[in-house]
Amino acid sequence: MKKLGWGILSTGAMSNWFCSDFHAVHNGDLVAVCSRSQERADAFASQYDIPETYNKYQSMLADPNVDIVYISSPRTAHKQNILDALAAGKHVLCEKPIVTSLSDMEEVVEAANNSGKFLAEALWTWHLPVLRKAKEWIDTGSIGERLHVKVDFGFPIPYSPKQHQYDLDDAGGVVREMGIYPVAIAKYFIGSDPDTIHVIHQNAPNGVEDDVIAILNHGNVTATLSSSMKCHLNNDAHIIGTKGHIVIPQALKCREAMLYQMDDIIEHYKADRTELGYHYQAIQAGEDIANGLTQSSVVSLSDSRTFQHHMELILNEIRKNDKKSIQTSPLSLD
């Protein structure tokens, strides 16, 4: 199988983590990197032994050795970056959230369909063996009927309106910055859209949400999803059923999972890897493209639509809460 030539757009943290695992990608090579700063592109290329550097995205898209583009630019740039890459005949793996609205999602899906090229969201956690093992326990009835899914992701990020996590012009806020992870893990273990949703949140000084608890009712299953840029949460995932429960400590790293019945661990699964885990999605993209697929066999475009939909439901509740807080006074016990 021909190895895919990967072009890396942006030299930020996500690109560093992605490329740090690339030694484990047997079906792809890093062939180019692009940054707005030639100096940063050169330094990144030196660190990961990438032969070509660019300071203009269109120049990298014209490189015939680039088969697929990994996009980790600012989230509000994702849509245009995707459209440009597809128009240039490149496959695309784009960081989460892949876009910032359902309407943008439909636009990039249509462009991908018209181009015949591969498009997928880089939701690396769905590719990790630990998550798959937990799903296997559920599917084989080890925890009985599912009742609760609880996922936390949060750590403090100092407030600055110019920091991209808080930047209004970059669709800032904790829901898109961190909430995508709990939303996606809940989708993995529940699958359905929620019937009802209730949200409690706090805002940063510029009005973007920076601490959110969302309670989503999916029939008989309740998802409690927490994300925060104000404090460090436990960052675990719990899937609780009538017969037992599963704990995934540090669920974003997904290095182990424990299956409990009452207080006893009856099975303990540990990942056999030294890498962070970003290589799985790159390998999968290569295999899917080799098999003629135009979307991921693990994280479909329908899944990505669902992530967008659930985040928009949460954000809509936040907007309603903000509107109510302006119109009402604090609760009284009198």
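Residues numbered from 1 in each chain as written. Predicted model: local features only at pLDDT ≥ 70, side-chain atom pairs only at ≥ 80, totals over all residues. Heavy atoms only, no water.

### Observations regarding the pattern of salt bridges
A pair can form between side chains of opposite charge whenever their charged atoms are brought close.
Part 1 of the argument: According to the stated counting rule, one finds 13 salt bridges in the structure shown.
Part 2 of the argument: Between Glu136 and Lys133 there is a salt bridge, with the nearest N and O atoms lying 3.1 Å from each other. Of this pair, Glu136 and Lys133 both sit in helix α6 (residues 129-139), separated by three residues, roughly a single helical turn.
Part 3 of the argument: Take Glu136: its relative accessible area is 42%, and that puts it in the partly exposed class.
Part 4 of the argument: Since its relative accessible area comes to 15%, Lys133 is described here as buried.
Part 5 of the argument: Here Lys320 makes a salt bridge to Glu317, at a shortest N to O gap of 3.2 Å. Here Glu317 and Lys320 lie together in helix α9 (residues 301-327), a separation of three residues that amounts to about one turn.
Part 6 of the argument: Take Lys320: its relative accessible area is 45%, and that puts it in the partly exposed class.
Part 7 of the argument: Beyond isolated ion pairs, a larger network of salt bridges with shared partners links Arg75, Asp170 and Glu177. (Salt bridge = Lys/Arg side-chain N within 4 Å of Asp/Glu carboxyl O. Helix = DSSP H or I, 4+ residues; strand = E, 2+ residues; numbered from the N terminus. Buried < 20%, exposed > 50% of the residue type's maximum accessible area, 1.4 Å probe, protein only.)

### Some points on the pairing of strand β13 (residues 256-261)
Part 1 of the argument: The sheet contact formed by strand β12 (residues 245-248) and β13 spans three bridges and is antiparallel. Its bridge partner being in β13, Ile246 is matched across the sheet by Leu259.
Part 2 of the argument: Bridge analysis of β13 against strand β14 (residues 264-270) gives six bridges, and the strand direction is antiparallel. Residue pairing in the sheet places Glu256 in a bridge with Lys270 of β14. (Pairing = 2+ DSSP bridges.)

### Some remarks on α6
Part 1 of the argument: Along α6, the positions that sit buried rather than exposed are Val130, Leu131, Lys133, Ala134, Trp137 and Ile138. Considered in projection along α6, the buried side chains sweep an arc of 160° and stay on one side of the axis.
Part 2 of the argument: Looking at the buried side of α6, the elements it contacts are β7 (146-154), α7 (174-190), β11 (237-241), β12, β13 and β14.
Part 3 of the argument: Just beyond α6, the residue with positive phi is Gly141, at close to 85°. (Arc of directions from axis to C-beta. Contact = heavy atoms within 4.5 Å.)

### A few points about the side chain of Asp288
Part 1 of the argument: With respect to the helices and strands, the residue Asp288 is situated in helix α8 (residues 279-290).
Part 2 of the argument: Buried within the structure, Asp288 lacks any salt-bridge partner; its nearest side chain of opposite charge belongs to Arg132, at an N-O separation of 8.5 Å. (Lys, Arg positive; Asp, Glu negative; His and termini not counted.)

### What to know about the side chain of Arg176
Part 1 of the argument: Examined against the element boundaries, Arg176 turns out to sit in helix α7.
Part 2 of the argument: Buried and unpaired, Arg176 has no salt bridge, with Glu312 as the nearest side chain of opposite charge at 5.6 Å.
Part 3 of the argument: Among the polar contacts listed, one links the side chain of Arg176 to the backbone oxygen of Thr100, at a separation of 3.1 Å. (Polar contact = N/O pair within 3.5 Å; in protein donor to acceptor, adjacent residues only side chain to side chain.)

### Considering the sheet that holds strand β9 (residues 209-218)
Part 1 of the argument: Here eight strands make up an open sheet; going across it, the order is β8-β9-β10-β7-β11-β12-β13-β14 and the pairing mixed. With one partner strand each, in any of the chains shown, β8 (196-203) and β14 form the two edges of the open sheet. Taking the axes of each pair of neighbouring strands and ignoring which way they run, one obtains an average angle of 10° across the sheet.
Part 2 of the argument: The pairing of β9 with strand β10 (residues 221-228) spans eight bridges and is classified as antiparallel. Among the inter-strand pairings, Asp211 is bridged to a residue of β10, identified as Ser228.
Part 3 of the argument: Its contacts with the sheet place α7 against β7, β9, β10, β11 and β12, and it is angled at close to 155° to β10. (Axes fitted to C-alpha atoms, helices over the stretch in contact; angles between N-to-C directions.)

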